[in-house]
Every structure is written in structure tokens, then in C-alpha cells.
Amino acid sequence: MRWLGRTDLRVLLAILITALVPLAGAALFARAIVARISATAFQPEFGVHLDRALTVYADLARAMKDDLRHEALALGSSGAARDPAFFTSETRRHETLPTLGAAHPRVASLGVERCGGDEDGRWDRATPADPSSERTFAVRLSLRSGADPELIEPTTPEPTCETDGTPLLLVVTFAVPRARFDELEEATAFAQAYHEVERNHREEYLDTTYRNAFVVLLGITIAIGFGLALLVAAPVTSGIAALSRAMRPVAAGDLAVRIAPSGNGEVAELHRAFNRMLEELEQSRARMEFLRRVGEWQKVARRLAHEIKNPLTPIQLAAEECHRRYRGDDPELQKILDTMLEVVTEEVSSLRRLVTEFSGFARLPRAALAPGDLTPVLADESERFETLTGDPASHDEETALFARTTVRFDVPEAPMPAALDREMIHRALGNIIKNAAQALRDARGSRADLAAQPWGSVHVTAGTAGADHVIDIDDDGPGIPAEVRTTLFDPYVTTKRDGTGLGLTIVKKIIVDHGGSIEVREAPGGGARIRLRIPVLGTPASAAALARSTEDDADARASMCRRVGALASQRER
């Protein structure tokens, strides 16, 4: 688990404060309420009235018990219970007990015990006492023949066993409603608890209970707040921390850093925007570096073209003059002069062609972009290459080149809006297709093989993917080695036997001026694929390319005005 950062701590503190402030207010308010209730609940008058009510309950219970004792004495004083036979005959007792019980509805059972505790007769009513609604109350009587019964209280000693007039113990068990007795017990318990709290534990009971509840509530609130804070803050702070870590190498110049975004929240969108920014910065840096290197190479090409072009004409004129002035009849020397003139003429022509390409590369202007449509541009290119058919042995290089090469276009009918320079796009596509045809020719053989089998085919497809229009130029040739792909667009790097290495450099410069990119891949058929990406009109990349083109036009016009002014000043002088 990572350590909490400053942002985490701030979010945690904010959430905890937000949770604790209302809790503290509620605690103070609750304390005031409890104090008010406590002061109200423990009024002295409450205790007095509670004791009076308890006294009334106690008097009622005492009166009920006294009434039962009197009823028991009345039962023991009845004639049947005083009959001498009741004392001597067990049969008579068994006959008398039901009669006595039936005469008193509240009697639940009657029992006769002899001295020593032995039971000598018992009667129970048909329905036993129900503990849920009735309570039993037993009254013990001492019976003697010819004498009044005596009530045996808990504090009264048991009667002694005598030889004559042995007493009998009559146990009368009453079943009475238990509601009044339960209410008395509950009221007694409540009054005792009330007086206990009032006397000794009022402050402790209230304050401790309140404090414990508050501590528990506070602990739960802190735990929940901490958990929610981590749950809410962790994705945000971890995303910010990842962004902060990624910024360090970026600040040191490493634009290859990327953040893996997760989810669809604002932080993930920030990560994606950061990645897009780095991609655009990387592309912008690569574009600027490429344009800088191309600018340097243009200076070199301009200088080379100037230095090579000047001596070419004197060299050719000197060779022609030597050939023309020889008037001798030595066939060997004449043959040498003819060969020399042919070689010099051919090489001078090659150098002139090289100088022409150097000059064209050195004078290559920036693309003048304007809103347009790629679809008709591609359609024009398709029509142009369909007409390039003819004699393979033609002396026209372009006619001979495409006589054995099939060029096929798959162009969508839907518009492909883009900021473009039509002439520059035509030139870029023409260079790539011509370069592919030359690679097919070199892979099949030399010009002596022109009458043999076809060299191959070039397939151009176009479409729109996201914010870019994608143009793929595929051939079915041998492809381009992986080690060459990274430097293929540098000046003077070529894989053709008669190439100058400037064609693909010009193509890349044109595409870069359009705000796009170019890359080399492997075609599905095994040959080479050149993929062009040109931003869709209205995208940030397209808007930036249009802005650069406008600035370049303004700079070019200003430079032209300065040159015209300088020429006018020289003429006036």
C-alpha cells in the first residue's frame, strides 16, 4: 500500500471535519436535551408521588392477603372441619375436603398434614392454577378438635405434637389474579431503581451513558469518514500522483512516457489528454527535427547543385572538342575517343539529372494549405495512372516503368475533407507510386528483361480512421528491410540502383507540412506498405497545419517585399 500523500491527507481531513462538525453540534444539542430531561425527570415531587402510589399498591396487596387469611379461618371454623370424625377418620377427611373446597371458589387445593409433616388427605380443584394469569397464596391453619383454628404465620412456631388432641395442619392454597401482585412488584422495582439513581448515580448514570454513546458514535463516524475519504480520494490522488511521476521524465525531455488510464472519470480523461499531449509534442518535435534536417540538407543540395552544375558544360564541351579535332587515321585512338565521348556524355547527363533533382529538392516550397477534399485528388491520380500504359521498350522512362506495373486505386465516394495543397499531394502520391514501381522493376531484373513477365502491382486504398484520413500504398515486391525503415525518409537514403534518395524525403516533407505522418510497414501480401495519415479538416492537427501554412505565406510575402525593395534601391543607385 502506498503512503498517503499531502493531497490524500487534505481530502481525509476535509471529509473528517465535514463529518465531525455536525456530529459535535448534535452532541452539544443532545447534551442540553438530556440535561433538561434529567432535571425534569428527577423532581422531588416525582419521588413523593411515586412512594404514595407504591403505598396504595402495598395496602391493596396487604388487604387482599388479609382477606384470604380470613377466608381460610372461616373455612377451618366450619362445622365439617370441627367434626371429631374429621380428626379420627381418614375416610371422613377425604369426604369433607371436596365439600369444603367447593364452598370457596378461590381455593385451588386443600391439604391435611399430621404432626411430623406427613400428608393425610388432599383435594385439588378440577382446573389447576394457570401461572400466566394466577398466583397461588398458601395459608396454614392449626386445627384441634373442639377448638377454633389458629393461623400459622411465618414467624409463628409450629404446633408441638401431643399425645392427646394431636393437631392437624390444614394448608389452604388460594388462586387469585396475579395482575395486581405483578404491578406491585414492578412498581416496587421501579421505585427502588428511581431512588437509587436519584440518591447515588444520577450524574454517573446520565453522563457515563451519554459519553459512552457519544464515543461509540464518534468512533463509527471517524471510521466511516476515513473509509469514505480513502474510497473517494484514492482514485483521484493516485491518478494525480501518477501524473506527477510521469511529469518528471517529461521535464527532463523524455516524451516517450505514457500513463495507462483506467476508468472513465475526470482523472482518466486527464491521463488520456496527457498522453495525447505527449504524442502531439513528440510528433511536433519529430516534425521540427525533420524540417530542420531537411533545411540543412536543402542548403547542402543547393550548394552541391551549384558546384556540380557549373563544370558540367565545360567538361562536355572539352570532350566534344577533343573528339571533333582529331583528324588522324588511327582506328584504335578513334575508338577510344568515341568511347570517351559516349561515357562523358552519359555521365554528364546523369549528373545533370542529379543536379536537377538537387535543385528541385533545394527549392521545394512549403505546402500552401487550404480546405479541400482528398477524394477528387485520389480520383485524379487514379485516372492519371490508368493512362500510363504503352510500349515497355519506350525511351520514355515513366511509360516504360508502368508498362509492366499494374496500379489500382480503391477510393471511397464519400468526401474526405482536409486542409491540403492539391499539387503537393499529387506530387507525394506520384513519388510513392513511382518509387514502388521502380522497386518492383529492380526486384524482377534489368531493362533487358522488359519483354518478360509483369513486374507486379501497386494497390492504393483510402479511408478515414478517427481523426485521420489514411492512405495505404501497397506493392507485392520484396518489401523493405526492417533495419532500413527508420532511415528510409532521410535524404540520400535509397534502396534503388538508380535512386537519389530524395523522393521519399520530399514525400515526408509534404505530408509533415500537412500536419500528417508517414510510416513504412509490411503489406498483407508480403511487400511494402507506405501509410500516409492526413488529419481530418477541423481537428487540432489540421488547424495547426493551416496556421503554420498561413504564417509561412505571410513570411514569404514579407521576404519577397524586402527583396523587391532591395532591388529597387540598387537600381536607383
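Computed from a predicted model, the values in this text were never measured in an experiment.

Colleague: Mind showing me how you'd approach the overall build of the chain here?
Modeller: Across its full length, the chain carries 14 helices and 12 strands. Taken across its 573 residues, the chain has 32% of its residues classed as buried. By sequence separation, contacts in the chain at least 24 residues apart represent 71% of the contacts at least 6 residues apart. Counting every atom, the chain has about 33,500 Å² of accessible surface; 58% of that belongs to carbon and sulfur.

Colleague: Even after reading the chapter, I still don't get the side chain of Asp421, so can you show me in this structure?
Modeller: In this structure, Asp421 sits in the loop between β8 (417–420) and α11 (422–444). Of the polar contacts made by the side chain of Asp421, one reaches the backbone nitrogen of Ala368; its length is 2.9 Å.

Colleague: Honestly, the sheet that holds strand β1 (residues 107–113) in this entry has me stumped. Any pointers?
Modeller: Sheets are built from strands paired through backbone hydrogen bonds, the pairs being either parallel or antiparallel. Read across the open sheet, the five strands follow the order β2-β1-β5-β3-β4; overall the sheet is antiparallel. Of all strands in the sheet, those with a lone pairing partner are β2 (119–124) and β4 (150–152), marking the two edges. Averaged over all neighbouring strand pairs, the angle between strand axes comes to 25 degrees, with direction disregarded. Across three bridges, the pairing between strand β3 (residues 134–143) and β4 is antiparallel. Residue pairing across strands places Arg140 opposite Ile152, the latter belonging to β4.

Colleague: Teacher, can you tell me more about the sheet that holds strand β12 (residues 528–535) here?
Modeller: In spatial order, the strands read β7-β9-β10-β12-β11; together these five strands make up an open sheet with mixed pairing. Among the strands making up the open sheet, the edge pair consists of β7 (405–410) and β11 (517–522). When strand polarity is set aside, the average angle formed by the axes of neighbouring strands in this sheet is 15 degrees. With six bridges connecting them, β7 and strand β9 (residues 456–465) associate as parallel partners. Looking at β9, one finds that Thr405 is bridged to Gly456. Along the sheet, α11 contacts β7, β9, β10 (468–475), β11 and β12; its crossing angle with β9, the most-contacted strand, is approximately 145 degrees. Here helix α13 (residues 503–513) sits on the sheet and contacts β11 and β12; the angle it forms with β11, its principal contact strand, is near 130 degrees.

Colleague: Mind showing me how you'd approach the confidence of the model for the chain here?
Modeller: Segments scoring low in pLDDT should not have their predicted coordinates read at a detailed level. Looking at the chain, pLDDT values average 76 and 76% of them are 70 or higher. Note on residues 447–451: pLDDT is under 50 here. Beyond four places in sequence and across chains, it has eight contacts.

Colleague: I would appreciate a short explanation of helix α9 (residues 374–386) in the present structure.
Modeller: The α-helix winds at 3.6 residues per turn, so residues separated by three or four positions along the chain end up facing the same way. Over its 13 residues, α9 runs 19 Å from end to end, which matches the ideal 18 Å to within 8%, given 1.5 Å per residue. Among the residues making up α9, those that are buried are Leu374, Thr375, Val377, Leu378, Glu381, Ser382 and Phe385. In a view along the axis of α9, the buried residues occupy a sector of 165 degrees, so they form one face of it. In this structure, α9 carries Glu383 and Glu386 as exposed residues pointing more than 90 degrees from its buried face. At the N-terminal end of α9, a side-chain oxygen is found 3.1 Å from the backbone nitrogen of Thr375, two or three residues along, and the residue is Asp373.

Colleague: Before we go on, may I ask you to explain the packing of α11 against α13 in this structure?
Modeller: When two helices pack together, their arrangement is given by the angle between the helix axes and by the axis-to-axis distance. Interaxial distance between α11 and α13 falls to 9 Å at its minimum, and their mutual angle equals 145 degrees. The two elements α11 and α13 meet at a crossing, and its hand is left-handed. Within the contact between the two elements, α11 uses Met424, Ile425, Arg427, Ala428, Asn431, Ile432 and Asn435 and α13 uses Gly503, Leu504, Ile506, Val507 and Ile510.

Colleague: It is not clear to me how the nonpolar core should be interpreted in this structure. Could you clarify?
Modeller: Among the nonpolar cores identified, the biggest contains 45 residues, and Leu374, Phe402, Ile432, Ile433, Ile471, Ile473 and Leu532 are the most heavily contacted of them. Looking at this core element by element, the count peaks at nine residues for α11. When residues no more than four places from it in sequence are discounted, the contact partners of Leu532 are Leu429, Ile432, His469, Val470, Ile471, Ile473, Ile511, Ser517 and Ile518. Listed in part, the 27 residues of the second largest apolar core include Val107, Trp123, Leu143 and Ala191.

Colleague: When you look at a nonpolar patch on the surface in this model, what are you seeing that I'm missing?
Modeller: Residues Val216, Ile220, Ile224, Leu228, Leu231 and Val232 make up a contiguous nonpolar surface patch of roughly 570 Å² in combined accessible area. Inspection of the secondary structure puts Ile224 in helix α6 (residues 179–251). Ile224 gets classed as partly exposed once you look at its relative accessible area, which sits at 49%.

Colleague: Could you clarify how one ought to interpret the pattern of salt bridges in this entry?
Modeller: Side-chain pairs of opposite charge can arise whenever the charged atoms involved come near each other. Inspection of the entire model under this criterion finds 18 salt bridges. Across the pair Glu289 and Arg292 runs a salt bridge whose closest N-O atoms are separated by 2.5 Å. Taken as a pair, Glu289 and Arg292 lie in helix α7 (residues 266–325) at a separation of three residues, close to a single helical turn. Through salt bridges with shared partners, one network takes in Asp468, Glu519, Arg521 and Arg533.

Colleague: Could you clarify how one ought to interpret helix α5 (residues 90–102) in this entry?
Modeller: For α5, spanning 13 residues, the distance from its first C-alpha to its last is 19 Å, which sits close to the expected 18 Å at 1.5 Å a residue. Regarding α5, the residues found buried are Arg93, Thr96, Leu97, Leu100 and Gly101.

Colleague: Any chance you could explain a negative patch on the surface here in plain terms?
Modeller: The grouping of Asp338, Glu342, Glu346 and Glu347 at the surface amounts to a negative patch. By the element assignment, Asp338 lies in helix α8 (residues 331–362).

Colleague: In this structure, what is going on with the environment of Pro540? I would like to understand it.
Modeller: Tracing the chain through its elements places Pro540 in helix α14 (residues 540–572). Between the C-alpha atom of Pro540 and that of Gly515, which follows or precedes it by 25 residues, the distance is 9.6 Å.

Colleague: What am I meant to see in the pairing of β1 here?
Modeller: Along a regular strand, successive side chains alternate from one face of the sheet to the other. Burial analysis of β1 places seven of its seven residues in the buried class, the great majority of the element. Note that β1 and strand β5 (residues 168–177) share six bridges and pair antiparallel. Along β5, the bridge assignment pairs Val112 with Leu170. Across four bridges, the pairing between β1 and β2 is antiparallel. Within the sheet, the bridge partner assigned to Ser109 lies in β2 and is Asp124.

So, how was this worked out
Residues numbered from 1 in each chain as written. Predicted model: local features only at pLDDT ≥ 70, side-chain atom pairs only at ≥ 80, totals over all residues. Heavy atoms only, no water. Helix = DSSP H or I, 4+ residues; strand = E, 2+ residues; numbered from the N terminus. Buried < 20%, exposed > 50% of the residue type's maximum accessible area, 1.4 Å probe, protein only. Contact = heavy atoms within 4.5 Å. Areas by Shrake-Rupley, 256 points an atom, 1.4 Å probe, with all protein chains shown as cover. Polar contact = N/O pair within 3.5 Å; in protein donor to acceptor, adjacent residues only side chain to side chain. Pairing = 2+ DSSP bridges. Axes fitted to C-alpha atoms, helices over the stretch in contact; angles between N-to-C directions. pLDDT = per-residue confidence, 0-100. Expected span 1.5 Å × (residues − 1). Arc of directions from axis to C-beta. Left-handed = near helix turned anticlockwise from the far one by under 90°. Core = buried A, V, L, I, M, F, W, Y, C linked by side-chain atoms within 4.5 Å. Patch = residues over 30% accessible without salt bridge, like charges linked within 9 Å, V, L, I, M, F, W, Y side chains within 5 Å. Salt bridge = Lys/Arg side-chain N within 4 Å of Asp/Glu carboxyl O. Lys, Arg positive; Asp, Glu negative; His and termini not counted. Charge placed at Lys NZ, Arg CZ, Asp CG, Glu CD.

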